[in-house]
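Observations on the model geometry
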Amino acid sequence: MPGHRLAPDIPDDQTIGTTTADRTADGGTTGDRTTGDRTTGDPTTGDPTTGDPTTGDPTTGDPTTGDPTTGDPTTGDPTTGDPTAGDPAAVLGGERAHLAASRAALQAMREHAQSLSADAAGDWVSQQILQSLLDQRVAALADHPDTPLFFGRLDRSAADDLPDTIHVGRRHVHDDQSRPLVIDWRAPISRAFYQARPADPMGVRLRRRFGFRGGELTAFEDERLDEGAPLSQSRILTEEIERPRTGPMRDIVATIQPDQDEIVREDLTRTVCVQGAPGTGKTAVGLHRAAYLLFTHREKLARSGVMIVGPNGAFLSYISSVLPALGEVKVDQTTVAGILGGHAAPEDPAVAAIKGDARMAPVLRRALWLHINKPEEGLLITRGASRFRVADHEVREIVASLRGTTRYGPGRAALAQRLAHTVLVRMEQRGESPDDRVQDAVARSAPVKRLLDQVWPKVTPAQVLFRLFSDDAFLAAAAKSDLTAEEREALLWRKPPRSWKSAKWSAADAALLDELADLNERTPTLGHIVVDEAQDLSAMQLRALGRRCRTGSATVLGDLAQGTTPWSARSWNDVLTHLGAAEGVVTELTLGFRVPREVLDFAARLLPSIAPDLAAPRSLRPGAGSLTVRPSADVLADLAAAVRGVLDHEGSVGVIAADATVPAASAALTSSGVEHDVLAPDTAAARRVCVIPASLAKGLEYDHVVALEPADIVEAEPRGLARLYVVLTRAVTTLTLLHARPLPGRLS
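These numbers were taken from a predicted model, which means no experiment stands behind them.

Basis of the calculations
- Residues numbered from 1 in each chain as written.
- Predicted model: local features only at pLDDT ≥ 70, side-chain atom pairs only at ≥ 80, totals over all residues.
- Heavy atoms only, no water.
- pLDDT = per-residue confidence, 0-100.
- Helix = DSSP H or I, 4+ residues; strand = E, 2+ residues; numbered from the N terminus.
- Core = buried A, V, L, I, M, F, W, Y, C linked by side-chain atoms within 4.5 Å.
- Buried < 20%, exposed > 50% of the residue type's maximum accessible area, 1.4 Å probe, protein only.
- 1 Å grid on protein atoms, 1.4 Å probe; cavity = no way out; pocket = protein on both sides within 12 Å on 5 of 7 lines; lining within 4 Å.
- Points joined across faces, edges and corners; volume = space filled by probe spheres on them.
- Nonpolar A, V, L, I, M, F, W, Y, C, P; charged D, E, K, R; others polar.
- Pairing = 2+ DSSP bridges.
- Contact = heavy atoms within 4.5 Å.
- Axes fitted to C-alpha atoms, helices over the stretch in contact; angles between N-to-C directions.
- Patch = residues over 30% accessible without salt bridge, like charges linked within 9 Å, V, L, I, M, F, W, Y side chains within 5 Å.
- Areas by Shrake-Rupley, 256 points an atom, 1.4 Å probe, with all protein chains shown as cover.
- Salt bridge = Lys/Arg side-chain N within 4 Å of Asp/Glu carboxyl O.

**Digging into the confidence of the model for the protein chain**
For the protein chain, per-residue confidence averages 86 on the pLDDT scale, and 88% of positions sit at 70 or higher. The least confident element of the protein chain is strand S1 (residues 4-6), whose mean pLDDT is 44; the most confident is helix H21 (residues 539-547), at 98.

**Observations regarding the nonpolar core**
Grouped burial of nonpolar side chains is what soluble globular proteins tend to show. Counting 84 residues, the largest nonpolar core has Trp185, Leu728 and Leu735 as its most contacted members. It is helix H6 (residues 282-296) that contributes the most residues to this core, 9 residues altogether. In terms of nonpolar packing, the next biggest core, distinct from the first, is built from 80 residues, Leu419, Leu452, Phe466 and Ala478 among them.

**With respect to the layout of surface pockets**
Each pocket or cavity is described by its volume, and for the largest pocket that value is around 1400 Å³. Together, 48 residues line the largest pocket, and Pro311, Ala507, Gln541, Thr565 and Trp567 are the ones closest to its centre. The element best represented in the lining of the largest pocket is helix H20 (residues 507-520), accounting for 4 residues. Across the lining of the largest pocket, the residue classes tally to 25 nonpolar, 13 polar and 10 charged.

**Concerning the sheet that holds strand S18 (residues 627-631)**
Read across the open sheet, the 6 strands follow the order S18-S23-S22-S19-S21-S20; overall the sheet is parallel. A single partner strand is all that each edge strand has here, and the edge strands are S18 and strand S20 (677-678). Pairing geometry for S20 and strand S21 (residues 689-693), over 2 bridges, is parallel. Bridge pairing links Asp677 to Cys690 in S21. Relative to strand S23 (residues 731-739), helix H28 (residues 720-728) is tilted by about 130°, and along the sheet it contacts strand S19 (653-657), strand S22 (702-708) and S23.

**Points about the pairing of strand S11 (residues 379-383)**
Within a regular strand, side chains alternate between the sheet's two faces. Sheet topology places S11 next to strand S12 (residues 386-390); 5 bridges connect them, and they run antiparallel. Within S12, the position partnered with Leu380 by the bridge is Arg389. Following S11, the chain reverses through 2 residues before pairing antiparallel with S12; Gly384 in that reversal takes a positive phi of roughly 65°.

**Some remarks on unusual backbone geometry**
Positive phi outside glycine occurs at Lys480, with the angle close to 50°. Here Lys480 shows up in the loop between helix H18 (472-479) and helix H19 (485-491). Backbone geometry places Glu533, a non-glycine residue, at a positive phi of 55°. Considering the arrangement of structural elements, one finds Glu533 in the loop between strand S13 (528-531) and H21.

**Side note on empty space enclosed by the protein**
Taken as a whole and assessed by the stated rule, the structure comprises 4 cavities of 30 Å³ or more. Lining the largest cavity are 30 residues, with Met249, Gly279, Gly281, Arg594 and Glu701 positioned closest to its centre. Broken down by secondary-structure element, the contributors of at least two residues to the lining of the largest cavity are helix H4 (235-242), H6 and helix H8 (313-319). A per-class count over the lining of the largest cavity returns 12 nonpolar, 9 polar and 9 charged. Reported here for the second largest cavity is a volume of approximately 70 Å³. When the residues that make up the lining of the second largest cavity are grouped by side-chain class, the tally is 8 nonpolar, 2 polar and 2 charged.

**Concerning a nonpolar patch on the surface**
A cluster of nonpolar side chains, contributed by Trp124, Val125, Ile129 and Leu133, occupies part of the molecular surface with about 460 Å² of accessible area. Of note, Ile129 is situated in helix H2 (residues 124-140).

**Describing the pattern of salt bridges**
Considering all chains together, one arrives at 39 salt bridges under this definition. The closest approach of N and O atoms between Asp184 and Arg186, which form a salt bridge, is 2.9 Å. On the accessibility criterion, Asp184 (0% relative accessible area) is buried. With a relative accessible area of 1%, Arg186 lands in the buried category. Residues Arg191 and Glu262 are paired through a salt bridge, measuring 3.1 Å at the closest nitrogen-oxygen approach. Of this pair, Arg191 sits in helix H3 (residues 191-195) while Glu262 sits in helix H5 (residues 258-264), and the two are 71 residues apart along the sequence. On the accessibility criterion, Arg191 (29% relative accessible area) is partly exposed. Residue Glu262 is classed as partly exposed on the basis of its relative accessible area, which comes to 40%. Several salt bridges share partner residues, and in doing so they unite Glu95, Arg153, Asp155, Arg208 and Asp222 into one network.

Below, the structure written as structure tokens:
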């Protein structure tokens, strides 16, 4: 294996030893990612008083060093410092000692954080804030024994002040002398672990990858980068990628590929859009980018905030463990419905498509400003025996100067102040000396309030939208030429509710209400937003998200081929434009690491029908025998047998069916004694077998997928072929198609 050196099988009294040549699927690689270390990821924080009593040489900064002349804990030849020159058993033993020392140092850091008190704060409010920060710090320093503290090592040859040897892991760990034992994967020096190659070693002579079972180090694999020889595929890397998936999504911090790392480390100021084929890791890349930005711009993003936006609650449950495992415990995760208010009244998809069109934005703007009326009379203010008048033409001039130059709500407040200021000028002209308090009193006076209500009335978004959908003439005036007569007719309510307070709003209406709310008062913005499955969002929903990162940036994730809504995007440039980030960069991930090639090639037969402009995805995993197409006379009767067939193999099992078929599929499994969960929009499955409605499958992964009657999935919705493409690509080990009807389209 050119460029690699593998450790042989190393037995251990406390752990089952494995090697890169003989490794089991249940954890003989880089460990269990279902739980993770929770830390702030900040190498500048920590406790300089913590320590590790096992440190052996204070001159090297490595607590496991066995040779003070080299500073390398694993060296077998002290004259060369070459970690590959020694006995592999000794090398592995040295790395295990370093892991033990790192865990001890982390524990000392946590104990120090626990010893700190918030009593030093000057007042009660400050104490509460400080205590919250201390609690977060303690939680961040928790050590999870099933997760390794580090997964790689770099031996550097660069002539600089940085350490010659660094261990790369999920968090920064230092000893009692503040010497680093583990470097955070997001630190600049760690970039070489992902990017270095023989053609550009980046000052690294050797890269070492570690294999773990649980939290125990079991194997290592070395890659020489300073000899110019090409590298073969890393076995540790491959086995970690292929490890069976159970429970929530895991981080990919040990297996990030160079093209993924480029996206992760893109600058905060730039909005990045990732077109990712199934299995390319686009969701994981987006989450790791959020973690990287929080590490790199900690102070700024702590003030402005980061938000993850997913398609539904089940998806959020699936990804919920990734950021905490990477040390980020204070990131909001929500859905578009969660942001916009959760309105969900049923609606004709054709009407929802009109409401989601970007043409609704100018319609709403005009609808709001149509509430301003022409002033027909002036203003009269009486103070004692004095009377001060603002003529009607002056009021009209003030209103005209404000209209369209500000948001509706601030414009109303500005009108009151402008009218009051005009009155103050009248007072000064009569020799009085009014101050700001007098102006504020005039602005709040009854005559001014009456004029405001007549000319610039206070309205809510619901009032405006209610009038728009219940008043034909008002809708026509607001729409002008932006909507056709047929579209206006479709938007009008056949039987309007009694009032705006009793109106039931749909998900499409929620985006319109949000647009009106922003026209009235400016929406607060965040520092960064990660939007997954963005191809399914309407233009108006994208505008709503764009308002929330108006002064920040976004990471936009999706796959145009997986668009299943009537308004699904056809171009990422359009998505970025609606998001308000037309200058954003679009990048594509086409090389898959999860879905077997046999499954992916089969699913890709649908691409000419659903996304003809996209390149066919490729997979690194051959997956011979991963696809089974099983005709059946009765799919429900044969379902239990199909599920039991894959239960003999390790990993999760997802039975995906058309939404209307889910109850029958669940009943069939229950009657056959197969324990399972049924996935709901806002819940996560706990059992190994789960029945999933096709509409909720997007973004999820299962080791084994049984797709029930593909023809039913296609016929359930207008973009059914795209939905089927999503279903087929949820499998990461095997895919079984159980069908009685002919397979749809090119699949036959």
